[in-house]
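# Commentary on secondary and tertiary structure
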Amino acid sequence: MGLIFLIGFMGSGKTTLGRKLAARMDYEFIDLDHKLEQQVELSIAEYFTLFGEDPFRKLESEVLKKTVYPENAIISTGGGLPYFFDNMEWMNANGRTVYIKLSPKTLADRLENGKEERPLLQEKHGEALIAFIEQKLGERESFYSQANIIVDGLSLTPEKLEQILETKAT
Ligand code: S3P
């Protein structure tokens, strides 16, 4: 079935769901954020601090396009990746894309704890966090929506996701 790219906002469950889905389907699991961190030998937070966002976006696009993928893989992507350059187009041309969609409120609840690793979210809490998510989602939604498959991320399980992928197999 090839490459399946999971896209969506931070906190939508791409990595957790992706890892479990890959195990169920006997696919390889690739986390692009993690690949990037291995390549530069820095955490994303460290990379942001040292070099800022622009170099990070260039690098993440390069990692997306230069990774040598196995025949079948589930790939989790950074929340911002679809919004930059022609990354969304590239993913649609090279595999299938699945947008895991959640509301700003749900995302904020999930992100309220565990934001330390995410440089864009530091220092944001409560209403400020929701406002930030609403703004970013507003910018990104038209890119996320170019996904082949859009799924409701609320109470989504690897089992459900596998079923959806089977039904929509082309
Ligand atoms: C980002 C999302 C993060 C990571 C970076 C920027 C974003 O990935 O790539 O912190 O711009 O939304 P996750 O969505 O895997 O947390």
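Before going further, it helps to spend a moment on the overall build of the protein chain. Along the backbone of the protein chain there are 8 helices and 5 strands. Along the protein chain, from the amino end to the carboxyl end, the secondary structure elements read β-α-β-α-α-α-β-α-β-α-α-β-α. Overall, the protein chain is about 40 × 35 × 25 Å in size when its C-alpha atoms are taken along their principal axes. By residue count, 49% of the 170 residues in the protein chain fall in the buried class.

Helix 4 (residues 53-66) packs onto helix 3 (residues 44-51) with a crossing angle of 130° between their chain directions and a minimal axis gap of 7 Å. One element, helix 3, and the other, helix 4, form an angle in the oblique class. Facing Ile44, Tyr47, Phe48 and Phe51 of helix 3, the residues of helix 4 in contact are Glu53, Pro55, Phe56 and Leu59. For the contact of helix 3 with helix 4, the residue count by class is 7 nonpolar, no polar and 1 charged.

Looking now at the site of the ligand. Taken together, 13 residues surround the ligand, and among them Lys14, Asp33, Arg57, Gly79 and Arg140 come closest. Separating an oxygen atom of the ligand from a side-chain N or O atom of Asp33 is a distance of 2.8 Å. A distance of 3.3 Å separates an oxygen atom of the ligand from a polar backbone atom of Gly80. Protein chains shield 95% of the accessible area of the ligand, which is 380 Å² for the free molecule. With respect to the detected pockets, the ligand is housed in the largest pocket. Class assignment for the residues of the shell around the ligand results in 5 nonpolar, 3 polar and 5 charged.

With that settled, the discussion passes to the pairing of strand 1 (residues 3-7). Of all the 5 residues making up strand 1, 5 are buried; the element is thus mostly covered by neighbouring parts of the structure. Residues Leu3, Phe5 and Ile7 of strand 1 are buried on one face, and the alternating residues Ile4 and Leu6, pointing to the opposite face, are buried as well. Pairing of strand 1 with strand 3 (residues 73-76), which is carried by 4 bridges, proceeds in the parallel orientation. Opposite Leu3, over in strand 3, you have Ala73 as the bridge partner. In this sheet, strand 4 (residues 96-101) lies alongside strand 1 in parallel orientation, the contact comprising 4 bridges. Residue pairing across strands places Leu6 opposite Val98, the latter belonging to strand 4.

Quick notes on the rules
- Residues numbered from 1 in each chain as written.
- Predicted model: local features only at pLDDT ≥ 70, side-chain atom pairs only at ≥ 80, totals over all residues.
- Heavy atoms only, no water.
- Helix = DSSP H or I, 4+ residues; strand = E, 2+ residues; numbered from the N terminus.
- Buried < 20%, exposed > 50% of the residue type's maximum accessible area, 1.4 Å probe, protein only.
- Axes fitted to C-alpha atoms, helices over the stretch in contact; angles between N-to-C directions.
- Parallel < 35°, antiparallel > 145°, perpendicular 65-115°, else oblique.
- Contact = heavy atoms within 4.5 Å.
- Nonpolar A, V, L, I, M, F, W, Y, C, P; charged D, E, K, R; others polar.
- Near = heavy atom within 4 Å.
- Polar contact = N/O pair within 3.5 Å; in protein donor to acceptor, adjacent residues only side chain to side chain.
- Areas by Shrake-Rupley, 256 points an atom, 1.4 Å probe, with all protein chains shown as cover.
- 1 Å grid on protein atoms, 1.4 Å probe; cavity = no way out; pocket = protein on both sides within 12 Å on 5 of 7 lines; lining within 4 Å.
- Sits in = over half its atoms within 2 Å of the grid points.
- Pairing = 2+ DSSP bridges.

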